[in-house]
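For reference, the chains in residue letters:
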Amino acid sequence: MKHKGLLITTIIFFLIINTTYYWAGKLGLFAFLLFLLLIVAFFGLVIILFWQIYLAIKEKFIDKHRLVQIGLLTIVLVLTFIKPFGLFDFEKLEGNNLLVAEREGAANCMTILKFKDDYTFKERSVCFGVTEIKGKFHLQNDTIYFDNIKQIRNKSSYYEFAVIKPSKFKNDEELVMHENLKDTVGSVFWITKNELNKLKSKKLNR
């Protein structure tokens, strides 16, 4: 029983780390605080691991429960160090990314847009916290229109449409997001992947 608390703590820590994909975008600014707590917990478990190893050496490795705990702690901490956001990429279960664009703001804040092959998209912003906006889209000629927007925070509305244009500053493409037809300037996202033509060919084959 004396090792039960540490065992439960280790398992809970492992589960929280490996489910980051599902909870980070729902907590907003609180995600940043939880990340800090997880960092503190990680180093706390490292200290506990060394203490458990010291006790095991002192006991000449006769406590099998302690050895199991040391093994589990070592595995969890090593995996967390190698894969700090979890072992599994759950995003792959939501379909293939056909269009990926990103925008960097102040203080190294980053917003990434991903358009899937099932006509859904996700906007993920990391800036002193994590926020996500999800929805659907449809194509009309060379314009992307947004539909069924969900999880808007700190915004009264979302962009209505986006257009892919050649970049003015580099030999690449950019995605210009417009709130409405009156928004002639728009917000520019740099495109890192563009395979939207697969959707167009998919329509032709139907």
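Further up the page is the structure itself.
What comes next is a walk through the structure. From a predicted model like this one, the values you see are computed outputs, not experimental measurements.

The rules behind these values
- Residues numbered from 1 in each chain as written.
- Predicted model: local features only at pLDDT ≥ 70, side-chain atom pairs only at ≥ 80, totals over all residues.
- Heavy atoms only, no water.
- Helix = DSSP H or I, 4+ residues; strand = E, 2+ residues; numbered from the N terminus.
- Buried < 20%, exposed > 50% of the residue type's maximum accessible area, 1.4 Å probe, protein only.
- Contact = heavy atoms within 4.5 Å.
- Areas by Shrake-Rupley, 256 points an atom, 1.4 Å probe, with all protein chains shown as cover.
- Axes fitted to C-alpha atoms, helices over the stretch in contact; angles between N-to-C directions.
- Parallel < 35°, antiparallel > 145°, perpendicular 65-115°, else oblique.
- Left-handed = near helix turned anticlockwise from the far one by under 90°.
- Nonpolar A, V, L, I, M, F, W, Y, C, P; charged D, E, K, R; others polar.
- Salt bridge = Lys/Arg side-chain N within 4 Å of Asp/Glu carboxyl O.
- Patch = residues over 30% accessible without salt bridge, like charges linked within 9 Å, V, L, I, M, F, W, Y side chains within 5 Å.
- Pairing = 2+ DSSP bridges.

Examining the overall build of the protein
- Across its full length, the protein holds 5 helices and 8 strands.
- For the protein, the N- to C-terminal ordering of α and β elements is α-α-α-α-β-β-β-β-β-β-β-β-α.
- Among the 206 residues that make up the protein, the fraction classed as buried is 35%.
- For the protein, contacts bridging at least 24 residues in sequence account for 42% of all contacts bridging at least 6.
- Summed over all atoms, the accessible surface of the protein reaches about 13400 Å², with 64% contributed by carbon and sulfur.

Focus on the packing of helix 1 (residues 4–18) against helix 4 (residues 64–82)
- Close contact between helix 1 and helix 4 brings their axes to 10 Å; oriented N to C, the two are set at 20°. Judged by the inter-axis angle, helix 1 sits roughly parallel to helix 4. Relative to helix 4, the crossing made by helix 1 is left-handed. For the pair helix 1 and helix 4, contact is made by Leu6, Leu7, Thr10, Ile11, Phe13, Phe14 and Ile17 and by Gln69, Leu72, Leu73, Val76, Leu79 and Thr80, respectively.
- Along the lines of polarity and charge, the residues of the contact of helix 1 with helix 4 split into 10 nonpolar, 3 polar and no charged.

Let's talk about the pattern of salt bridges
- Within the structure shown, the criterion is met by 3 salt bridges.
- Salt-bridge contacts for glutamate 59 lead to arginine 66; the nearest nitrogen and oxygen are separated by 2.9 Å.
- Classification of glutamate 59 as partly exposed rests on a relative accessible area of 25%.
- For glutamate 132, the salt bridge goes to arginine 124, with nearest N and O atoms at 2.4 Å.
- It is possible to trace a salt-bridge network through shared partners that takes in Glu59, Asp63 and Arg66.

Looking at a nonpolar patch on the surface
- On the surface, a cluster of nonpolar side chains totalling about 740 Å² of accessible area is made up of Phe30, Phe32, Leu33, Leu36, Ile39, Phe43 and Phe128.
- By secondary structure assignment, the location of phenylalanine 128 is in the loop between strand 3 (120–126) and strand 4 (130–140).
- Since its relative accessible area comes to 54%, phenylalanine 128 is described here as exposed.

Regarding the pairing of strand 8 (residues 187–194)
- Here 4 bridges tie strand 1 (residues 97–104) to strand 8, and the two strands are oriented antiparallel to one another. Among the inter-strand pairings, valine 100 is bridged to a residue of strand 8, identified as lysine 193.
- Direction of pairing for strand 7 (residues 173–178) relative to strand 8: antiparallel, over a ladder of 4 bridges. Opposite glutamate 174, over in strand 8, you have tryptophan 190 as the bridge partner.

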